[in-house]
Amino acid sequence: MLRLAWHRSVSKNSRMVHARLLPAGFLRAEGAQQSSGAHICRIAAQIAHQPSDKSQQLQFLPAYNLSSSVFMSMASGGEGSSSVPHRHTNRLAKERSPYLLQHAHNPVDWYPWGQEAFDKAKAEDKPIFLSVGYSTCHWCHVMERESFEDEEIGKILSDNFVCIKLDREERPDVDKVYMTFVQATSGGGGWPMSVWLTPDLRPFIGGTYFPPRDYGRRPGLKTVLTRILEQWENNRTALESSGDRIIEALKKGTAVDANPGESPPLAPDIAKRCFQQLAHSYEEEYGGFRESPKFPTPVNLTFLMTYWLVNRSTSEGVEALQMALHTLRMMALGGIHDHVCQGFHRYSTDSSWHVPHFEKMLYDQAQLAVAYINAFQVSGEQVFADVAKDILLYVSRDLSDKSGGFYSAEDADSVPVSGGPEKREGAFCAWTASEVRELLQDAVEGANGSATQADIFMHHYGVKEQGNVAPEQDPHGELQGQNVLIVRYSVELTAAHFGIQSEKVQELLASARAKMAEVRKSRPRPHLDTKMLASWNGLMLSAYARVGAVLGDKALLERAKEAGSFLKEHLWDAERQTILRSCYRGDQMEVQQISPPISGFLDDYAFIIGGLLDLYEATLKSEWLQWAEELQLRQDVLFWDEQGGGYFCSDPTDSTVLLQLKDDQDGAEPSGNSVSALNLLRLSHYTGRQDWLQRSQQLLAAFSDRLTRVPIALPEMVRALMAQHYTLKQIVICGQRDAPDTTALLSVVNSLFLPHKVLMLIDSEGDSFLSQRLPALSSMTQQGGVATAYVCQDFTCSLPVTDPQELRRLLLDGTAELQAE
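Residues numbered from 1 in each chain as written. Predicted model: local features only at pLDDT ≥ 70, side-chain atom pairs only at ≥ 80, totals over all residues. Heavy atoms only, no water.

(A) Representation of the pattern of salt bridges. According to the stated counting rule, one finds 49 salt bridges in the structure shown. Between Arg695 and Asp636 there is a salt bridge, with the nearest N and O atoms lying 3.2 Å from each other. With Arg695 in helix α25 (residues 690–702) and Asp636 in helix α23 (residues 622–639), the pair connects residues that are 59 residues apart, well separated along the chain. Looking at Arg695, the relative accessible area reads 16%, which means it is buried. (Salt bridge = Lys/Arg side-chain N within 4 Å of Asp/Glu carboxyl O. Helix = DSSP H or I, 4+ residues; strand = E, 2+ residues; numbered from the N terminus. Buried < 20%, exposed > 50% of the residue type's maximum accessible area, 1.4 Å probe, protein only.)

(B) The arrangement of helix α18 (residues 491–498) in detail. Every buried residue of α18 is listed here: Val491, Thr494, Ala495 and Phe498. An end-on view of α18 places all buried positions within 100° of arc, on one side of the element. Opposite the buried face of α18, by more than 90 degrees, sit the exposed residues Glu492, Leu493 and Ala496. Residues of α18 that are buried make contact with α17 (453–460) and α19 (502–521). Count one or two residues on from α18 and you reach Gly499, which has phi positive near 70°. (Arc of directions from axis to C-beta. Contact = heavy atoms within 4.5 Å.)

(C) Highlighting the sheet that holds strand β16 (residues 582–585). In spatial order, the strands read β13-β16-β17; together these three strands make up an open sheet with antiparallel pairing. At either margin of the open sheet sits one strand with a lone partner, and together these are β13 (532–533) and β17 (591–592). Where β16 lies against β17, two bridges are found, and the strand directions are antiparallel. When the sheet's bridge partners are listed, Arg585 is paired in β17 with Val591. (Pairing = 2+ DSSP bridges.)

(D) Structural detail: α25. The end-to-end C-alpha separation of α25 is 19 Å, in line with the 18 Å expected for 13 residues at 1.5 Å each. By the burial criterion, the buried members of α25 are Trp692, Arg695, Ser696, Leu699, Leu700, Ala701 and Ala702. (Expected span 1.5 Å × (residues − 1).)

(E) Structural view of the pairing of β16. By the bridge criterion, two bridges tie β13 to β16 in an arrangement that is antiparallel. Bridge pairing in β16 places Leu533 opposite Ser582. Hairpin connection from β16 to β17: five residues lie between these consecutive antiparallel strands, with Met589 at a positive phi of about 65°.

(F) Representation of the state of the cysteines within the structure. According to the stated counting rule, one finds two disulfides in the structure shown. Paired by a disulfide, Cys792 and Cys797 hold their sulfur atoms 2.1 Å apart. Residues Cys792 and Cys797 are joined by a disulfide whose S-S torsion is about 100°; by sign, that bridge is right-handed. Given the relative accessible area of 1%, Cys792 is considered buried. When the bonded cysteines of the protein chain are counted from the start of the sequence, the pairing works out to 1-2, 3-4. Lacking any disulfide linkage, Cys734 is separated from the closest cysteine sulfur, that of Cys792, by 9.1 Å. For Cys734, a relative accessible area of 2% puts it in the buried group. (Disulfide = S-S within 2.5 Å.)

Here it is, written out as structure tokens:
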């Protein structure tokens, strides 16, 4: 049960594929989304015992049953590029999504998701073929080139189906509904996702990747389409009734509700169980939570550090901290970390974090920057702060728009330096030994054996003449003879090996990385998804605010404020009081919006609110707090479930979305409900609104069953539960903004890992936002004209302190008190 729960917990949104169901070659592609956990398992069993009909035969035709040899024989992905005039252009050419634009010249009569397509399906009484993916998805590229560029397949699709292409990052609500269906009927899922629907949008058959033609006894897409058409003509009633039964079962099985008067479960018990489940899945040698593939899962690492904070005197607390810090160290040393151009790749295909899936996602960078700066606060080790800054350097340089927004992702695939039409995974990042030797030829004075800079670099980063990627990590031979940089020795060991000083080694390695970064600039770049998503921008807003505050870095804080302004200017419709899901970079580098724009979902509101609260604590400018309050009020109106508690993922009044889901998984991203539980608690302390405290408790009660059985699936929600239990401390600083004595007190607060706190500033100008909502603040003043700190619980406060070291002792003693409560 625990092992199965772990598989579910890591795989949501993670481009991972369930190893039992999909072949090894697919493990480097996009992956299973086990978003509904045990609910889906039970639903699948329920459906399996329902009366069968011929339509059921088709539910197991997709890639789940393909042998690994099918995948090993396929060429690698990429959109391809050509100056030849396009033979075909469909209506996707008018869209802004980079993923939809990648399909704008297929010989398929594609429609975007919307009423025009729905009306056509009803008018012509045709089934809908829904194809879902995203622009940096390796296997989406493969299926696009192999199947959707195929003239014969294109004609079958266009003549017999209404074909809809969907960017899952634009419409996660639609994706979640049909991914839940695919998981329930086949046991796994992934992208590209292929689902066939009735004209009223009810699914009846689904799968993932299909090769274009039959391979041995395995059916290709052409065969599948032919069989579906036969079933549609001859067995339509059975198809439709089967789909109806499944949807009804899913509605019951995915419900998340609190019983009347139910309270949240006990936080210490749930937190301990979550720790134990993570410890059971922990891989001791290299860190992380499975053998391979390995995902960063920052939600797990942040939970472990929080667990340590309230259990520091116990062996379990010490173990939790060791698990988190060791994992972060090994990731930073590994090939999943881009040592030349910064940032982190999506996941590692092996247990040692060496050979990654080279895609880079914005949400990974955001959460990892926060995890690393938390580790710096906890440990004081400079390496963790350096990695956090390293991540933000990458984002500022390669994922930032001049408007202040952040782009979504960089592809894994790119054209090799040697040229050719086909892209290869990792071509932009990997190195041959000869490239390194040619670039780093200089002899190093005083080094043993007349070593060159290349010798030292290759030793330190594991570069081998024949390449350092094992064949089993490279099933398509794309990295043959190539090297993925991974730190093999400490600087001190490398220095001893070559008989030179450590400082000299550090200088040589930094110089080498800079030279290699210049070479990278001349290589063909991977595709950049320039879509700017509200939710992921909210996560990145938190990262810049948190890292900037901890390090006292004004440039990072300024970038955080630019991100906040971007969100308000481009992704907030003030007239409709609505967050917009996405905006896009235009051809002239301007910010563009589609018409009509996509309204935001729960994650968009929750992540932005969390980012704004972090931005307030970093800048202590109440304008950000005020907007957070405004957004929370709007989120409550749009998504709160008055009957069952918790928030729906999307607008429950949207009739085109068949399931009203409440995401019950913290995976590659935390769930909107997990983030909201903590947002509500923080906001209740900033605004004095007890109804938000109660709403947070109702939310946690709604997820009580999930938290009790498999807390490993919701580590971020467990953190919110812990914050409820241990009660947030209010840290109030009274002082002149930007004055040295005020800054000294704030620096102490920001230097410590204090997840159970809210921070406020009262200056001589007064803060009307806070003072209007929190009358107790009026009694707090500077002592002797010097900046003064108050540490309070429910505004019952300690004696005021003015000395930074005394404040530090008070805050550290406060965390010890938490442990005893």
